[in-house]
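Commentary on secondary and tertiary structure
Now for the letters of each chain:
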Amino acid sequence: MVCNRLIFCIVFVLLLSAAAFAAPEVTPTQRVKQGVDTLITILSDPKMQDPAGHDEAVAELRAAAEKFIDFRLVTMSSVGRPWLEMSPKMQDDLTEAFIKLLERSYLKKIPAYGGQDVEYTKELVQGTKAKVFTELVDKDKKIVVEFRLKTVDNQWMIYDVVAEGVSLVSNYRSQFSQVLADGTPEDLLKIIRERIEKIDAGQAESETQAESGAQTESGTQAGSQGEQKQ
Amino acid sequence: MIHRFVTGLLLATLLLLGAGSALAASSDGSDGSNQVAQLSDMRGAGAAVDAANTDDFDDFDDEYSDTAHLVADPLKGWNTVWFYFNDAMYHGVFKPAAKGYAWAIPAKPRQWVRNFFTNMLFPVRFVNDILQGKFDAAYMETSKFIANTSWGLLGFVDVTADMKRNWEPERPTADGFGQTLGKAGIGHGIYLVWPFLGPSSIRESVGWVADAYLDPLTYGDLSFIEFLAIRAYKNVNQLSLELKGNEYETLTEGAIDKYAAVRNAYIRFRAKKVKE
C-alpha cells in the first residue's frame, strides 16, 4: 500500500518535472540558423543602403533581431552584479540604449560576413542553456563563432555571441565594470548614449567620403588578428 | 644548401608522420574532454529552470565572473598612452595609407605580396607546430611551402589555396612561440601595449622575440630603417586587404571604452589560440 502510494508520488513528480523541462520544439541550431538567415536577408536588402528607407530598414532589422536575441539578458549579463541594484526603469533604459549601440556597430557588420558559408558544427545543450558552434568559411580563413542560448518562454533565445574566443558579453562587461566602479548607472547610460551619437555623426561623415572616393575592395576578410594590425 | 635544408625538412616530416597519426587519435580524445569541460562550464544551468528573471542572475553572473581578472594590468597608465597613440596612428596614418595604396594597386598584386610574406614566415609556423605537437599542421605547412616556393614563384602565388580542403589539419596551424609557451602552461604575466606593435603581454613579447629568430627577414642584410620600412609595408599591404569587415574597427566602433575592449578581446583571442 505504502509502496503503491510511493510509486504514484514518484510518477506524479516525474510527470510534473517532464512538463517543466519540456524542451522547445525548435532546436538551438535551428533557431540560430533561422536568426542568421533572417538577419542576413534583411541586411542584404538594398533598402538598407538607401538613405530614404533607412529608418524603416533599421526598424525592421531590430524587430527581427529581437525575435532571436534576448537583449535584456545580453544587457543583464554585460552589466553583472550592479544590475540587481538598478531600478526597473534604469534596466529598461540601459537595455534600450545597448540595443541601439549594438544595432549600429555589430549588427550592421553582419553583411561583411554574409557572403561566406556558415557551417553548423556542434550543439551542446544542458538544461535551459545551449551552445551552438558555427564556422564561417572563407577561401583561406575560418572564423569560429559560438552562439549561447537560453530558453525563455519555452523558446531558445540568443544571449551571447563568441567570435574567435571573444565573447560579446564578456567584452562589454570589461568596459561597463570600470564605468560602474567609478560612477553610477546614470553615467553608464550617458556614456552609451554619447557613443551612439558619435557613431551616427561618424556614419554620415564616412558615407560622404565613400561617395567621393568610390573604390571597389576585394572581398577579402579581415584576419583573425585584427587588433594587431597597427 | 637550400636543397639540403628542404630535403632535411622532408625527411623529418616523413619520420614524424607516424607520430602525427598517433596524435590525430589522441587529439580526438582531447576534443571530447573539451566538450565535457565546456558543458561543466555551464554550471547550475538546470537549477534555475523555474526561477524568475532575477533569480537565475547568479547563474549568468558565474558564467562571466572571470572577466574582471583576465589579465594583470599594473602598467595601465603607460599602456593606455601607447594604445591611444596606436589608435591615432591607425586612423591617421596607416588606414589612409592602406586606402591610397588599395586605390593605386589592384587587389591581385596585393594578395601576391601578402602570400609572399606569409610563405616567408613558414619556419615560424613549422617549428611551433612541431613544438606544439601539431604534426599534421606541420606536414601541411611543409607541403604548402614547397609547392608555393617552387611552382608558386617564391610564394607570390598560393597554388595550394584551392586545394586546402584536401589537407586541412586536425587543428589550425601554430601562429608563434607565444602560443607554444601558453600551451606549456605559462601565463601572460602582465598586459603590455607596445608602440606600433599593439597589444601584447610578457609571454607574447617573449614569443615575438623567439619568432624573430625564425623570421628570414631578421637575417636579411638590412639596415634598421630598411627593416622597419619592410615591416611597415607588409602591414599596410595586409591592412589594404582588410579595409572592410575589419575586426579592430568593429570592436572599437561599438566600444564605450576602446582600451578595455581591445584588452579583453586580445586576451580572449590568445586564450582561444592556446586552446586549439
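Details of the structure are given in the entry above.
This write-up is about the structure you can find in this document. Because the structure is a prediction, the values reported are computed rather than measured.

1. Focus on the overall build of chain B
Secondary structure summary: chain B contains 11 helices and 2 strands in total. The buried share of chain B, taken over its 276 residues, is 45%. In chain B, of all internal contacts separated by at least 6 residues, the share reaching a separation of at least 24 is 72%. As displayed, chain B offers around 13600 Å² of accessible surface, 67% of which is attributable to carbon and sulfur atoms.

2. Things to note about empty space enclosed by the protein
One simple way to see leftover space: roll a probe sized like a water molecule over the atoms. Residues and elements named next belong to chain B. Enumeration over the complete set of coordinates arrives at 2 cavities of 30 Å³ or more. Estimated volume of the second largest cavity: approximately 40 Å³. Considering the residues around the second largest cavity, the lining is formed by Phe117, Met120, Leu121, Asp215, Leu217, Arg231 and Lys234. For the lining of the second largest cavity, the class distribution of residues is 4 nonpolar, no polar and 3 charged.

3. A few points about the nonpolar core
As a rule of thumb, nonpolar side chains are buried together in soluble globular proteins. Residues Phe176 and Ile192 of chain A are the most contacted members of the largest nonpolar core, which totals 49 residues. In terms of residue count, the dominant contributor to this core is helix α5 (residues 88-114) of chain A (8 residues). Leaving out residues up to four positions away in the same chain, Ile192 of chain A has contacts with Leu94, Ala97, Phe98, Leu101 and Phe176 of chain A together with Ile256 of chain B. If you look at the next biggest cluster of nonpolar residues, it comprises 24 residues, including Met89, Ala255, Ala261 and Tyr266 of chain B.

4. Comments concerning the pattern of salt bridges
In the structure shown here, the tally under the stated rule is 24 salt bridges over all chains. What you see here is one network of salt bridges that share partners, running through Lys129, Lys131, Glu146 and Arg148 of chain A together with Glu63 of chain B.

5. Structural notes on the sheet that holds strand β5 (residues 166-167) of chain A
Within a beta sheet, neighbouring strands are joined by backbone hydrogen bonds and run either parallel or antiparallel to one another. Residue and element names in this part refer to chain A. Strand order in the open sheet formed by 5 strands is β1-β2-β3-β4-β5, with antiparallel pairing between adjacent strands. Both edges of this open sheet fall to β1 (117-126) and β5, since each of them pairs with a single strand only. Of the strand pairs in this sheet, strand β2 (residues 129-137) and strand β3 (residues 142-152) are connected by 9 bridges, and their pairing is antiparallel. For Ala130, the partnering residue across the bridge sits in β3 and is Leu149. On top of the sheet, helix α4 (residues 71-79) reaches β3 and β4 (155-163); it is set at about 45° to β4, its chief contact.

6. Notes on the packing of aromatic side chains
With the rule as written, the count across this model stands at 18 aromatic pairs over all chains. When the ring of Tyr106 of chain A is compared with that of Tyr172 of chain A, the centres are 6.3 Å apart and the planes differ by 70°; the resulting orientation is edge-to-face. Of this pair, Tyr106 of chain A sits in helix α5 while Tyr172 of chain A sits in helix α6 (residues 168-182); the two residues are 66 residues apart in sequence, bridging distant segments of the chain. Relative to Phe85 of chain B, the ring of Trp82 of chain B has its centre 5.2 Å away and its plane inclined at 90°; by these criteria the two rings are edge-to-face.

7. Side note on unusual backbone geometry
Residue and element names in this part refer to chain A. We note that Asn154 has phi near 60°; this positive angle belongs to a residue other than glycine. Here Asn154 is to be found in the loop between β3 and β4. The backbone phi angle of Glu164 is positive, close to 50°, even though this residue is not glycine. Along the chain, Glu164 falls in the loop between β4 and β5. For Glu164, a relative accessible area of 8% puts it in the buried group.

8. Quick word on the side chain of Thr180 of chain B
Residues and elements named next belong to chain B. Residue placement: Thr180 occurs in helix α7 (residues 177-183). Judged by relative accessible area, which is 11%, Thr180 ranks as buried. The residues touching Thr180, leaving out its near neighbours within four places in the chain, are Asn128, Leu131 and Gln132.

9. Description of α4 of chain A
All names here are of chain A. Among the 9 residues that make up α4, 8 are buried, leaving the element largely enclosed by the rest of the structure. All of the buried residues along α4 are Phe71, Leu73, Val74, Thr75, Met76, Ser77, Ser78 and Val79. With its phi angle positive at about 80°, Gly80 sits one or two positions after the end of α4.

10. Points about the packing of α6 of chain A against helix α11 (residues 258-275) of chain B
Here α6 of chain A crosses α11 of chain B at 140°, and the two axes come no closer than 8 Å. As the angle between them shows, α6 of chain A and α11 of chain B are arranged oblique. In this structure, the crossing between α6 of chain A and α11 of chain B has a hand that is right-handed. From α6 of chain A, Ser170, Asn171, Ser174 and Gln175 of chain A reach across to α11 of chain B, where they touch Ala260, Ala261, Asn264, Ala265 and Arg268 of chain B. Classifying every residue of the contact of α6 of chain A with α11 of chain B gives 3 nonpolar, 5 polar and 1 charged.

11. Re the pairing of β4 of chain A
All names here are of chain A. As paired elements, β3 and β4 share 8 bridges and run antiparallel to each other. By the bridge assignment for β4, Leu149 is matched with Ile158. Strand direction decides the pairing type here: β4 and β5, joined by 2 bridges, are antiparallel. The partner of Ala163 across the bridge, within β5, is Val166. Hairpin connection from β4 to β5: 2 residues lie between these consecutive antiparallel strands, with Glu164 at a positive phi of about 50°.

12. Structural notes on the pairing of β1 of chain A
Pairing of β1 of chain A with β2 of chain A involves 9 bridges; the strand directions are antiparallel. For Leu124 of chain A, the partnering residue across the bridge sits in β2 of chain A and is Lys131 of chain A.

13. Some remarks on the environment of Trp78 of chain B
All names here are of chain B. Position of Trp78 among the secondary structure elements: in helix α3 (residues 76-104). The exposed category is assigned to Trp78, whose relative accessible area is 51%. Linking Trp78 and Leu192, residues 114 residues apart in sequence, is a C-alpha distance of 8.6 Å.

14. Quick word on the side chain of Ser240 of chain B
Residues and elements named next belong to chain B. With respect to the helices and strands, the residue Ser240 is situated in helix α9 (residues 224-240). Assessed through its relative accessible area of 0%, Ser240 is described here as buried. A distance of 2.6 Å separates a polar atom in the side chain of Ser240 from the backbone oxygen of Asn237.

Conventions we followed
- Residues numbered from 1 in each chain as written.
- Chains lettered and ligands numbered in written order.
- Predicted model: local features only at pLDDT ≥ 70, side-chain atom pairs only at ≥ 80, totals over all residues.
- Heavy atoms only, no water.
- Helix = DSSP H or I, 4+ residues; strand = E, 2+ residues; numbered from the N terminus.
- Buried < 20%, exposed > 50% of the residue type's maximum accessible area, 1.4 Å probe, protein only.
- Contact = heavy atoms within 4.5 Å.
- Areas by Shrake-Rupley, 256 points an atom, 1.4 Å probe, with all protein chains shown as cover.
- 1 Å grid on protein atoms, 1.4 Å probe; cavity = no way out; pocket = protein on both sides within 12 Å on 5 of 7 lines; lining within 4 Å.
- Points joined across faces, edges and corners; volume = space filled by probe spheres on them.
- Nonpolar A, V, L, I, M, F, W, Y, C, P; charged D, E, K, R; others polar.
- Core = buried A, V, L, I, M, F, W, Y, C linked by side-chain atoms within 4.5 Å.
- Salt bridge = Lys/Arg side-chain N within 4 Å of Asp/Glu carboxyl O.
- Pairing = 2+ DSSP bridges.
- Axes fitted to C-alpha atoms, helices over the stretch in contact; angles between N-to-C directions.
- Phe/Tyr/Trp six-rings, centres within 6.5 Å; stacked < 30°, edge-to-face > 60°.
- Parallel < 35°, antiparallel > 145°, perpendicular 65-115°, else oblique.
- Left-handed = near helix turned anticlockwise from the far one by under 90°.
- Polar contact = N/O pair within 3.5 Å; in protein donor to acceptor, adjacent residues only side chain to side chain.

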